[in-house]
Amino acid sequence: MCGIVGYVGQQEAAPILLDGLRRLEYRGYDSAGIAVCGDGQLRVKKSRGRLQVLSDLTHDGADLPGHLGIGHTRWATHGEPNDINAHPHVSQSGRIAVVHNGIIENYAELKEQLLHKGYGFRSETDTEVVAQLLDYYYADCGDIFEAMIRMLHAVDGAYALGIICADYPDRLLCARKDAPLLLGFGEGENMIASDVTAIIRHTRDIAYL
Ligand code: GLU
């Protein structure tokens, strides 16, 4: 089961995310991507194939400035391995980005409901419903934490989730159920990861969710 890394702190997020993903490569993957929040907007790069492709594509992360970000290596379960199905997935408003390991079992019915509400889907993944559902609830209540709680009540399945919202440039959101995710607490920075090897260079103060 592939990997997640997230960073919030004083350093540039993208190089740290790429380094963390590199340390999770042993878990296997078919595509990789990162999303970084900087200057009030989200920048996303993702691609099929080796992590080196993503590093080259982003000039080792320099193209995505910002201090908050999430990264992902994917092992496709829903939708073929390609650039569009690679994570992160961005919500319709462009304000929320999501990475996910696992499977959202009830994604088909959630997708149907969201299509009826006017949401469009770009990918074939189960994961994209998480981004669009969050978007829907966030538009309704205006609070990303409340939206997150509502979304988690709606989804069934196994998940580790890393989420960022452009309106909350100093908040790294995460949740897990039946998939691994841990928190790393540093000096003026915090991280999330699927596996301790991804963040051990930054902190040894770890909490398993
Ligand atoms: N089910 C998701 C997908 O196929 C996540 C796969 C994974 O765990 O990487 O995109």
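Before reading further, recall that the structure is shown in the block above.
Here the structure is a predicted model, which means the values were calculated and not measured.

**Student:** Any chance you could break down the site of the ligand for me, citing the residues and the numbers?
**Tutor:** Lining the immediate surroundings of the ligand are 14 residues, of which Arg-74, Thr-77, His-87, Gly-102 and Asp-126 lie closest. Residue Gly-102 places a main-chain N or O atom 2.8 Å away from a nitrogen atom belonging to the ligand. Summarising the interface, the protein chains cover 98% of the accessible area of the ligand, which totals 300 Å² for the free molecule. Sorting elements by how many residues they give to the shell around the ligand places strand 6 (residues 96–104) first, with 3 residues. Class assignment for the residues of the shell around the ligand results in 3 nonpolar, 9 polar and 2 charged.

**Student:** Summarise the layout of surface pockets; cite the residues concerned and give the values.
**Tutor:** Its boundaries defined by the atoms lining it, the largest pocket holds a volume of some 170 Å³. Lining the largest pocket are 16 residues; nearest its centre among them are Cys-2, Trp-75, Thr-77, Asn-101 and Gly-102. Going through the elements one at a time, strand 4 (68–74) and strand 6 are the ones with two or more residues in the lining of the largest pocket. In terms of residue count, the dominant contributor to the lining of the largest pocket is strand 6 (4 residues). A per-class count over the lining of the largest pocket returns 5 nonpolar, 9 polar and 2 charged.

Rules used throughout
- Residues numbered from 1 in each chain as written.
- Predicted model: local features only at pLDDT ≥ 70, side-chain atom pairs only at ≥ 80, totals over all residues.
- Heavy atoms only, no water.
- Near = heavy atom within 4 Å.
- Polar contact = N/O pair within 3.5 Å; in protein donor to acceptor, adjacent residues only side chain to side chain.
- Areas by Shrake-Rupley, 256 points an atom, 1.4 Å probe, with all protein chains shown as cover.
- Helix = DSSP H or I, 4+ residues; strand = E, 2+ residues; numbered from the N terminus.
- Nonpolar A, V, L, I, M, F, W, Y, C, P; charged D, E, K, R; others polar.
- 1 Å grid on protein atoms, 1.4 Å probe; cavity = no way out; pocket = protein on both sides within 12 Å on 5 of 7 lines; lining within 4 Å.
- Points joined across faces, edges and corners; volume = space filled by probe spheres on them.

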